[in-house]
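Observations on the model geometry
This is what each chain is made of:
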Amino acid sequence: MKWENIIGQEKLQQLLLSSIDDNRVGHAQLFVGEEGYGTLAMALAFSQEILSRENATAAQKVEHLNHLDLHFSFPIFTEKNISLSKRYFTEWREMILNNPYASFDDWTNYLDSEKKQFFISAQEAEDMHAKFALKSFEGGSKILIIWRADKMNEEAANKILKFLEEPPKKTYIILCAEKIDNILPTILSRCQIVEVPRIEDKAVQSYLTSKFPDVDASQITAAVGQARGNLNDAQKILETGSSSNEFETLFIQWVRNAFMAKKKPEVLRAIIRWSHEISAWNRDKQIRFLEFCTETFRLALMQNYGTPNLVYRKLDSNGFGWDAFSTYISGANIEAILDELTDASYHISRNANAKVVLTDMGIKLTRHIHKKAV
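Residues numbered from 1 in each chain as written. Predicted model: local features only at pLDDT ≥ 70, side-chain atom pairs only at ≥ 80, totals over all residues. Heavy atoms only, no water.

**Details of the overall build of the protein**
Put simply, the rule is: Secondary structure counts use DSSP, requiring at least four H or I residues in a row for a helix and at least two E residues in a row for a strand, with both numbered from the N terminus. Each residue is assigned to one of three classes by its accessible area relative to the maximum for its type, calculated with a 1.4 Å probe on protein chains only: buried under 20%, partly exposed between the two thresholds, exposed over 50%. We call two residues in contact when some of their heavy atoms are within 4.5 Å. Only the protein chains shown count as cover for residues, and all accessible areas are computed by the Shrake-Rupley method using a 1.4 Å probe. Residues counted as positive are Lys and Arg, residues counted as negative are Asp and Glu, and His and the chain ends are not counted. A single reference atom marks each charge: NZ on Lys, CZ on Arg, CG on Asp, CD on Glu.
Scanning the protein from terminus to terminus reveals 17 helices and 5 strands. Referenced to the eigenvectors of the C-alpha coordinate spread, the extents of the protein come out at roughly 75 × 50 × 35 Å. Counting only residues that meet the buried cut, the protein has 52% of its 374 residues in that class. For the protein, long-range pairs separated by at least 24 residues make up 74% of all intrachain contacts whose partners lie at least 6 apart in sequence. In the form shown here, the protein has an accessible surface area of approximately 18300 Å², with 50% of it arising from carbon and sulfur atoms. Put simply, the protein has 45 plus and 49 minus side-chain charges, and the middle of one group is 4 Å from the middle of the other.

What follows is the structure in structure tokens.
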């Protein structure tokens, strides 16, 4: 990944280049930010710079993700008691070469395995140790990029910690994660943290205008506003009309049933069916849906309280009346609604029965949404 192919982020690029120039590159780096901001793209460009300074022929190999001293680890599901990402490296490489800003959702969809649990296992961590016990093929540095390091299970995290504490010579480990919440504090303490901010709207606009020359400028501007610096989302909005069609459809279905349940109690059956549909997803996707719901309710609150300029996403599919809906979200019920979503996310993350959790949360919305502001 060449620096010039990274969209925006000029200040961060200069910061990383300066760290190489001044020989201030720590052996463990943690790039934190949404995938659509370019965490992986930045890690690839950084790795290419390090390796090409040691050997000029390395640049092209890194560009095609086939440099023998550049290794990758990423979440995968268990199959026949094996959880090794190298089994699916060809598919992952293909996806990233096509779009280095691809998301975790894109990856699960790419393998058509949304219902399976993706994670980085202890088995994967042991495989990393074995790879780095060998000498460098080109006699220079060896680099390991762990994509979505926040998906490590606890056993894997402890094994990675040992790797970070006693790394082989001339080794760089770059972890990429959306958040640091699910990463062990002991791992954080051993990493040089690099925060990857949202891409500047101007840079996203320029890129999309070049990539989609036949799309009206107003549509591109709208996509930039909705994506909030996430290049991957911006492209999806232009290509499909929405970055989260499935989530939007299910949110609207939930809210409509909640409104009708007050006068038609039999609608509660529809909410139960709704919860059963979502419970069929894997845990990660369920939590992402709850995060989508949380953000949507917050946007509705801002719409209701007269700050529509801050509302970057409005739901309007299937004839949904966003403006009318937002009048029901106020200080009288927003705290209770967000508490229910937070509790549901917490319990699902702790392996609670998703059908029970989502059914309970879904029914409670029928009470909260009708609570009027004082």
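**So, the side chain of Asp-69**
Under the convention used in this document: Salt bridge, as used here, is a side-chain nitrogen of Lys or Arg placed within 4 Å of a carboxyl oxygen of Asp or Glu.
Take Asp-69: it is sitting in the loop between helix H3 (58–63) and strand E2 (70–73). One buried charged side chain, Asp-69, makes no salt bridge at all; its nearest oppositely charged neighbour is Lys-142, positioned 5.3 Å away. Those residues in contact with Asp-69, other than ones at most four positions away along the chain, are Ser-136, Phe-137, Glu-138, Ser-141, Lys-142 and Ile-143.

**Observations concerning helix H4 (residues 89–98)**
The condition that has to hold: As used here, the arc is the angular range of directions from the helix axis to the C-beta atoms.
Turning to H4, its buried residues are Trp-92, Met-95 and Ile-96. Relative to the axis of H4, the buried residues are bounded by an arc of 95° and lie together on one face. Away from its buried face by more than 90 degrees, H4 exposes Thr-90 and Asn-98. As for H4, its buried residues are in contact with helix H2 (39–54), E2, helix H5 (104–110) and strand E3 (142–147).

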